[in-house]
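Here is what each chain is made of, one letter per residue.
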Amino acid sequence: MNRSELRKADINLMVTFETLMQERNVTRAASKLFVSQPAVSAQLNRLRDLFNDPLFIRVGNRMEPTARANEIIQHLSQALDAMSAALSLTHGFDPTSSDMTLCIGLSDDVEYGLLPPLLRAIREEAPGIVIVIRRVNFWDVAEQLISGAITVAVCLTRELPANAKRKALRKVQPMVLRADKSAKPLTLDDYCTRPHVVVSHVGSISSFADEWLRLIGRERRAVLSVAQFSTLPALMAGTDLLCDLPDHLIMAVSRSGLVYAEPHPFVSPELELSMVWLSMMDTDPAERWLRMKLEQFMGQQ
């Protein structure tokens with residue numbers, strides 16, 4: 001490896017290139033980098049000269065990377081991660097005096113059910129820190145981590161980028177929520193014949209429960225889809241509606257005294273709530289402190 005080649009490089013150019021690969025649009029890249037569009041265009045021209053390749057070809061409103069650009073990013077992202085980790089060692093972190101902004105990705109059930117005690121602890125220990133919560137789910141958490149919109153997330157997860165890390169925080173047991181308190185638990189027939197409400201930010205009327213019921217040859221009937229959990233106690237009060245929720249959320253919602261939780265009348269599999277972050281954040285003192293707090297307050301008690 002000829003390290004003399006590094007003298008030709010400009011770290012800012014490499015960061016611009018990575019951002020262009022993520023955004024595929026000069027205007028969006030400029031906004032993310034907090035610079036002007038002409039500045040990004042000028043840096044792109046310098047990158048093309050440096051790599052002796054057009055790097056991006058315009059296709060409609062998007063800039064599609066060339067084969068050379070795709071090859072470069074495979075090496076560059078790892079190098080930038082390593083450099084960021086090395087630079088993080090040059091500064092310490094004191095939560096009592098820090099005024100940093102920390103961006104956390106949370107699924108909506110985690111935000112409602114698990115965030116409050118964490119937030120109280122952070123406000124007490126680190127009153128100057130600003131917390132930004134962004135909504136994530138297992139479909140888009142990887143994209144938000146890679147884009148830099150968040151540095152850590154807690155949600156259900158699936159496949160993640162190669163440079164991502166995942167730590168299981170707690171097992172999640174789905175349960176059923178009802179408004180009519182009864183000493184007699186629901187039977188499977190009760191569960192399938194009564195009307196259901198589904199919480200979905202995209203307006204879906206199906207959920208994991210429908211998949212589990214199909215496995216045993218049964219189905220249920222959803223009559224209402226709402227976008228957020230906070231309305232459930234008021235919506236369900238005085239009705240025979242049922243709603244499936246994870247246990248950490250159902251306990252938070254049932255504190256209203258208007259709705260009540262009980263186990264499913266069929267075998268429902270445990271899910272796993274995980275904390276995920278990119279390896280480049282491993283050694284950052286602030287991020288390590290934040291991950292410790294997330295594990296402490298959102299992990300299995």
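As the structure is a computational prediction, the values presented were derived from the model and not from experiment. (Residues numbered from 1 in each chain as written. Predicted model: local features only at pLDDT ≥ 70, side-chain atom pairs only at ≥ 80, totals over all residues. Heavy atoms only, no water.)

> I tried to follow the domain arrangement of the protein chain on my own but got confused; where do I start?
How big an interface is tends to be stated in terms of the accessible area lost upon association of its parts. Per the domain assignment, the segments making up the protein chain are domain 1 (3-87), domain 2 (101-172 + 272-298) and domain 3 (174-269). For domain 1 versus domain 2, the separation of C-alpha centres amounts to 27 Å. (Domains from an automatic or database assignment.)

> Whenever I open this one, the packing of helix H1 (residues 11-23) against helix H2 (residues 26-33) confuses me. Can you help?
For any two helices packed against each other, one specifies the inter-axial angle together with the distance between the axes. Closest axis-to-axis distance for the H1/H2 pair is 9 Å, and the angle between their directions is 125 degrees. Classified by the angle between their axes, H1 and H2 sit oblique to one another. Between H1 and H2 the crossing geometry is right-handed. Contacts from Val 15, Thr 16, Thr 19, Leu 20, Gln 22 and Glu 23 of H1 reach H2 at Val 26, Arg 28, Ala 29, Lys 32 and Leu 33. Considering only residue class, the contact of H1 with H2 consists of 5 nonpolar, 3 polar and 3 charged. (Axes fitted to C-alpha atoms, helices over the stretch in contact; angles between N-to-C directions. Helix = DSSP H or I, 4+ residues; strand = E, 2+ residues; numbered from the N terminus. Parallel < 35°, antiparallel > 145°, perpendicular 65-115°, else oblique. Left-handed = near helix turned anticlockwise from the far one by under 90°. Contact = heavy atoms within 4.5 Å. Nonpolar A, V, L, I, M, F, W, Y, C, P; charged D, E, K, R; others polar.)

> So what exactly am I meant to see when it comes to the packing of aromatic side chains here?
Aromatic ring pairs: the centre-centre distance and the angle between the two ring planes describe each pair. Here the structure, examined in full by the defined rule, presents 7 aromatic pairs. A ring pair is formed by Phe 93 and Trp 289, whose centres lie 5.4 Å apart and whose planes are at 55 degrees; its orientation type is tilted. Of this pair, Phe 93 sits in the loop between helix H4 (67-88) and strand S3 (101-106) while Trp 289 is found in helix H12 (residues 285-298), placing the two residues 196 residues apart along the sequence. In this pair, the class of Phe 93 matches that of Trp 289, namely buried. Taken together, the ring pairs connect Phe 138, Trp 139, Phe 208 and Trp 212 into an aromatic cluster. (Phe/Tyr/Trp six-rings, centres within 6.5 Å; stacked < 30°, edge-to-face > 60°. Buried < 20%, exposed > 50% of the residue type's maximum accessible area, 1.4 Å probe, protein only.)

> When you look at the pairing of strand S7 (residues 174-178) in this model, what are you seeing that I'm missing?
Consecutive residues of a regular strand have side chains that alternate between opposite faces of the sheet. Counting buried positions over the 5 residues of S7 gives 5, a clear majority of the element. Burial of the side chains of S7 extends over both faces: Pro 174, Val 176 and Arg 178 are buried on one face and Met 175 and Leu 177 on the other. Bridge count for S7 against strand S10 (residues 242-246) is 5 bridges, and the pairing is antiparallel. When the bridges of S10 are listed, Val 176 appears paired with Asp 244. The pairing of S7 with strand S11 (residues 260-262) spans 3 bridges and is classified as antiparallel. (Pairing = 2+ DSSP bridges.)

> Honestly, the pairing of S3 in this entry has me stumped. Any pointers?
Most of S3 is tucked away, with 5 of its 6 residues classed as buried. Here S3 runs beside strand S5 (residues 152-155); their pairing, made up of 3 bridges, is parallel. In the strand pairing of S5, Ile 104 is matched with Val 152.

> What am I meant to see in the nonpolar core here?
In summary, soluble globular proteins display a tendency toward joint burial of nonpolar side chains. With 34 residues, the main nonpolar core has Val 141, Val 154, Trp 289, Leu 290, Leu 294 and Met 298 as its most contacted residues. Mapped by element, the contributors of at least two residues to this core are S3, helix H6 (115-125), helix H7 (141-147), S5, strand S6 (164-172), strand S12 (271-278) and H12. In contact with Leu 290, not counting residues within four places along its chain, are Leu 102, Ile 104, Ile 122 and Val 152. Counting residues in each nonpolar core, the second largest holds 20 residues, with Leu 20, Phe 51, Phe 56 and Leu 80 among its members. (Core = buried A, V, L, I, M, F, W, Y, C linked by side-chain atoms within 4.5 Å.)

> I'm lost on helix H3 (residues 37-51) in this one. Help?
Since the α-helix advances by 3.6 residues per turn, residues separated by three or four positions end up pointing in the same direction. Over its 15 residues, H3 runs 21 Å from end to end, which matches the ideal 21 Å to within 8%, given 1.5 Å per residue. Along H3, the residues that are buried comprise Val 40, Gln 43, Leu 44, Leu 47 and Phe 51. Looking down the long axis of H3, one finds its buried residues gathered within 105 degrees of arc, a one-sided arrangement. In H3, the exposed positions that point more than 90 degrees away from the buried face belong to Pro 38 and Asp 49. Directly after H3, the chain includes Asn 52, whose backbone phi takes a positive value near 55 degrees. (Expected span 1.5 Å × (residues − 1). Arc of directions from axis to C-beta.)

> Would you explain the side chain of His 264 in this entry?
As for its placement among the helices and strands, His 264 is situated in the loop between S11 and S12. Only 2.4 Å separates the side chain of His 264 from the side chain of Asp 244, close enough to count as a polar contact. At 3.1 Å, the side chain of His 264 forms a polar contact with the side chain of Ser 268. Once residues lying within four places of it in the same chain are set aside, the contact partners of His 264 are Pro 174, Met 175, Val 176, Tyr 191, Trp 212 and Asp 244. (Polar contact = N/O pair within 3.5 Å; in protein donor to acceptor, adjacent residues only side chain to side chain.)

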